[in-house]
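Chain and residue survey
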Amino acid sequence: MSKIILTGDRPTGKLHIGHYVGSLRRRVELQNAGGFDKIYIMIADAQALTDNADNPEKIRQSILNVMLDYLAAGLAPEKVTIFIQSGVPQLAELAFYYMNLVSVSRVQRNPTVKTEIKMRNFEESIPLGFFCYPVSQAADITLFHGTVVPAGEDQKPMIELTNEIVRRFNSIYGEVFEETSILLPENAVCMRLPGTDGKAKMSKSLGNCIYLSDSAEEVEKKVKSMYTDPLHLRLQDPGHLEGNAVFTYLDAFCRPEHFAAYLPEYANLDELKDHYTRGGLGDMKCKMFLLKIMQEFLTPIRERRAMWEQRLPEVQDILRRGTEEAYRVGEATMEQVRHAMRIDYFNGGLSL
Ligand code: TRP
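Residues numbered from 1 in each chain as written. Predicted model: local features only at pLDDT ≥ 70, side-chain atom pairs only at ≥ 80, totals over all residues. Heavy atoms only, no water.

Quick look at the site of the ligand
Definition in use: The cutoff for a nearby residue is simple: one of its non-hydrogen atoms must lie within 4 Å of the molecule or strand. Here a polar contact is recorded for every N or O atom pair within 3.5 Å, except that within protein the pair must consist of a potential hydrogen donor and a potential acceptor, and residues adjacent in sequence are included only if both atoms are side-chain atoms. The Shrake-Rupley method, run with a 1.4 Å probe, gives the accessible areas here. Residue values count only the displayed protein chains as cover. By the criteria applied, helices consist of DSSP H or I runs no shorter than four residues and strands consist of E runs no shorter than two, each listed in order from the N terminus. Lys, Arg, Asp and Glu make up the charged group, whereas Ala, Val, Leu, Ile, Met, Phe, Trp, Tyr, Cys and Pro make up the nonpolar group; the residues left over, Gly among them, are polar.
Taken together, 13 residues lie near the ligand, and Arg10, Met42, Gln47, Gln137 and Asp140 sit nearest. In this structure, a nitrogen atom belonging to the ligand sits 3.2 Å away from a side-chain N or O atom of Gln137. Measuring from a nitrogen atom of the ligand, one finds a side-chain N or O atom of Asp140 at 2.7 Å. Out of a free accessible area of 370 Å², the ligand has 87% covered by protein chains. When residues of the shell around the ligand are traced back to their parent elements, those giving at least two are strand E1 (4–9) and helix H8 (133–143). No other element matches E1, which puts 4 residues into the shell around the ligand. Among the residues forming the shell around the ligand, the class breakdown is 5 nonpolar, 5 polar and 3 charged.

Side note on the pattern of salt bridges
A pair can form between side chains of opposite charge whenever their charged atoms are brought close. Here is the rule we go by: Salt bridges are defined as contacts in which a side-chain nitrogen from Lys or Arg sits within 4 Å of a carboxyl oxygen from Asp or Glu. Between buried and exposed lies partly exposed: a residue is buried under 20% and exposed over 50% of the maximum accessible area for its type, with that area taken using a 1.4 Å probe on protein chains only.
Within the structure shown, the criterion is met by 23 salt bridges. In this structure, Glu325 engages Lys38 in a salt bridge whose closest nitrogen and oxygen atoms are separated by 2.8 Å. Of this pair, Glu325 sits in helix H15 (residues 312–340) while Lys38 is found in strand E2 (residues 38–43), placing the two residues 287 residues apart along the sequence. Classification of Lys38 by relative accessible area gives partly exposed; the value is 26%. Taken together, the shared-partner salt bridges connect Arg10, Asp51, Glu116 and Arg120 into one network.

Here's the deal with the nonpolar core
Generally speaking, nonpolar side chains in soluble globular proteins are found buried as a group. For clarity, the cut-off: In this description, a nonpolar core means a group of buried Ala, Val, Leu, Ile, Met, Phe, Trp, Tyr and Cys residues linked to one another through side-chain atoms lying within 4.5 Å. The split into domains, and so the bounds of each, comes from an automatic or database assignment of domains. By the convention used here, residues are in contact when the closest approach between their heavy atoms is within 4.5 Å.
Counting 62 residues, the largest nonpolar core has Ile17, Tyr70, Tyr249, Leu250, Phe253, Leu272 and Met294 as its most contacted members. The dominant element in this core, judged by the number of residues it contributes, is helix H14 (residues 283–309), at 10 residues. Here this core gathers at least three residues from each of two domains, domain 1 (4–192 + 311–340) and domain 2 (216–306). Contacts of Phe253, omitting those with residues within four sequence positions, involve Ile17, Val21, Arg25, Leu193, His258, Ile293, Met294 and Phe297.

Here's the deal with the domain arrangement of the protein
Interfaces are often described in size by the accessible area the parts lose on coming together. In plain terms, the rule: Summed over both partners, buried area is the accessible surface (1.4 Å probe) that two parts give up on being assembled.
Taken as a whole, the protein is organised into domain 1 (4–192 + 311–340) and domain 2 (216–306). Between domain 1 and domain 2, the C-alpha centre-to-centre distance is 34 Å. Each partner contributes to the interface: domain 1 provides 14 residues, whereas domain 2 provides 11 residues. Of the roughly 1,000 Å² buried between domain 1 and domain 2, counting both surfaces, carbon and sulfur atoms make up 64%. Applying the counting criterion to the domain 1 and domain 2 interface returns 1 salt bridge. One salt bridge in this structure joins Arg305 and Asp69, with 3.1 Å as the shortest N-O distance.

The following block contains the structure:
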């Protein structure tokens, strides 16, 4: 069986360092390790529209930004296929048939859908398209015969639903699809990086994100004003790590070699944490250390972004070619599906 990755992002703004540790970094590693037959990265504009139907311009403006973030993070156009969801209408076609294989109550029980509905304050007026997005996501994965989906823990219920649909489809119409598995980030803190203000989620409206496209000065300002421990008032006071955004970021980004390079008085993060909780270690010292680590990985990203910004027609071309390829693959799968579902009426002729 082929090993095929499919994953993607909703284009609702620029990507931030939470996207980087949660998924982009992993995608680049997987791309470079070369253990996969095919890697598809989808810009999920149709899914983004399920809760932004009245704001298409926001989605449109995010497309190139997300593309630039991808290329800046190190995704290589010759190794991965990047495409736009709405450019592959076969996805909508497949999702339409999948809807017959899932009950309303099954989607209602999906914990991710439940939290997202609460988060968006839809109350009683949930857009039907939004409600159905887990089903459409099953189509995203399977249309490309995806077998591995690198994603965060929150996407687990989506993968379970996908596999239920695959089993149901195959048992009714014959073997067409394969089951898929989720590939979680190795480091638990990478699953959901808090905002710079310590709030659970980075969000544009809260203004607590560090974007991959932020300038060195913006990153410095944001790191220096990060939320730490409100009880850590004097240097000698014991500090707390729980909920301390600086230490959560260090958990996500810091490696032992960073100590050798930037803070040689400590051998590793455990020693730094020990000192902090004992008392006698200031917040600013930890922030400056974090800042150096962040600039180390953000600088090449920033440089690659600047380089691609000079070549926007080429960036659009990469996306157009990727979408054309995805369309061809999607159509080939749909031919199999229409045949399996006995709806390929003009292929072989109809008879009474
Ligand atoms: N739900 C994902 C997000 O919000 C985007 C997405 C759409 C996706 N279809 C997918 C991810 C299929 C993995 C597989 O970012």
